[in-house]
Amino acid sequence: MVSSHIEILLVEDSESDAELTLRSLDRASLGQAVHWVKDGEEALEYLFRTGRYLERPPGDPRLILLDLKLPKVGGLEVLGRLKSDRRTRHIPVVVLTSSDEHTDLRRCYDLHVNSYLVKPLDFERFSRQIGELGQYWLLANRTLPAGQSAT
């Protein structure tokens, strides 16, 4: 079981997609460990502790689920900022998008995304996929201790 502090940052502007993701994580017993933000600007504020998250307690999410098509600051820009900053580049980022475009896939891997998943249209497949990725990234995958960077 995951600890009670925030383990997953969900960056998703679609309320229905966020609801499906949260429900799927809950089915996998990972729902209590999610913080949901609705645009790229809010995601960056959360991760870098600025703006409305200036007083956020220390600690980074163990996983970021990132949509690409976001208002204010797009997912590609969020990914680029995270992976280019030594404070956040170690956080695994899984792009969870409806885009099956080769150019989006290429750009994400050029920016060092950890995984790229196209959202299945079928709820059961989507739910199973979300549960499996949560189990892998939070329980099976090993990460650096909080506060340590790879360089």
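The rules behind each value
- Residues numbered from 1 in each chain as written.
- Predicted model: local features only at pLDDT ≥ 70, side-chain atom pairs only at ≥ 80, totals over all residues.
- Heavy atoms only, no water.
- Axes fitted to C-alpha atoms, helices over the stretch in contact; angles between N-to-C directions.
- Helix = DSSP H or I, 4+ residues; strand = E, 2+ residues; numbered from the N terminus.
- Parallel < 35°, antiparallel > 145°, perpendicular 65-115°, else oblique.
- Left-handed = near helix turned anticlockwise from the far one by under 90°.
- Contact = heavy atoms within 4.5 Å.
- Buried < 20%, exposed > 50% of the residue type's maximum accessible area, 1.4 Å probe, protein only.
- Pairing = 2+ DSSP bridges.
- Salt bridge = Lys/Arg side-chain N within 4 Å of Asp/Glu carboxyl O.

Visitor: I'd love a proper account of the packing of helix α2 (residues 40-48) against helix α3 (residues 75-84), names of residues and values included.
Guide: Interaxial distance between α2 and α3 falls to 9 Å at its minimum, and their mutual angle equals 15°. Put simply, α2 runs roughly parallel to α3. Here the hand of the crossing between α2 and α3 comes out right-handed. When α2 is examined against α3, the residues Gly40, Leu44, Leu47 and Phe48 are found in contact with a partner set consisting of Val78, Arg81 and Leu82.

Visitor: Can you lay out the pairing of strand β1 (residues 8-11) for me, pointing to particular residues and giving the numbers?
Guide: Taking every second residue as pointing to the same face, both faces of β1 are buried, with Ile8 and Leu10 on one and Leu9 and Val11 on the other. Note: β1 against strand β3 (residues 63-66), 4 bridges, orientation parallel. Bridge assignment links Leu9 to a residue of β3, and that residue is Ile64.

Visitor: Before we move on, could you go through the pattern of salt bridges and cite the residues and values that matter?
Guide: Considering all chains together, one arrives at 12 salt bridges under this definition. The salt bridge involving Arg62 is made with Glu7; its shortest N-O contact spans 3.6 Å. A residue pair is termed long-range when its members are at least 10 positions apart, and Arg62 in the loop between α2 and β3 and Glu7 in the segment before β1 qualify at 55 residues. Here Arg56 ties to Asp60 by a salt bridge, and the two come within 3.9 Å at their closest N and O atoms. Accessibility expressed as a relative area gives 24% for Asp60, which makes it partly exposed. Three or more residues joined by partner-sharing salt bridges are found here, namely Asp39, Glu41, Glu45, Arg52 and Lys72.

Visitor: Pulling in residues and values, what's your account of the environment of Val73?
Guide: On the secondary structure map, Val73 appears in the loop between β3 and α3. A relative accessible area of 14% means that Val73 is categorised as buried. When neighbours within four sequence positions are excluded, Val73 is seen to be in contact with Gly40, Glu41, Leu44 and Val78.

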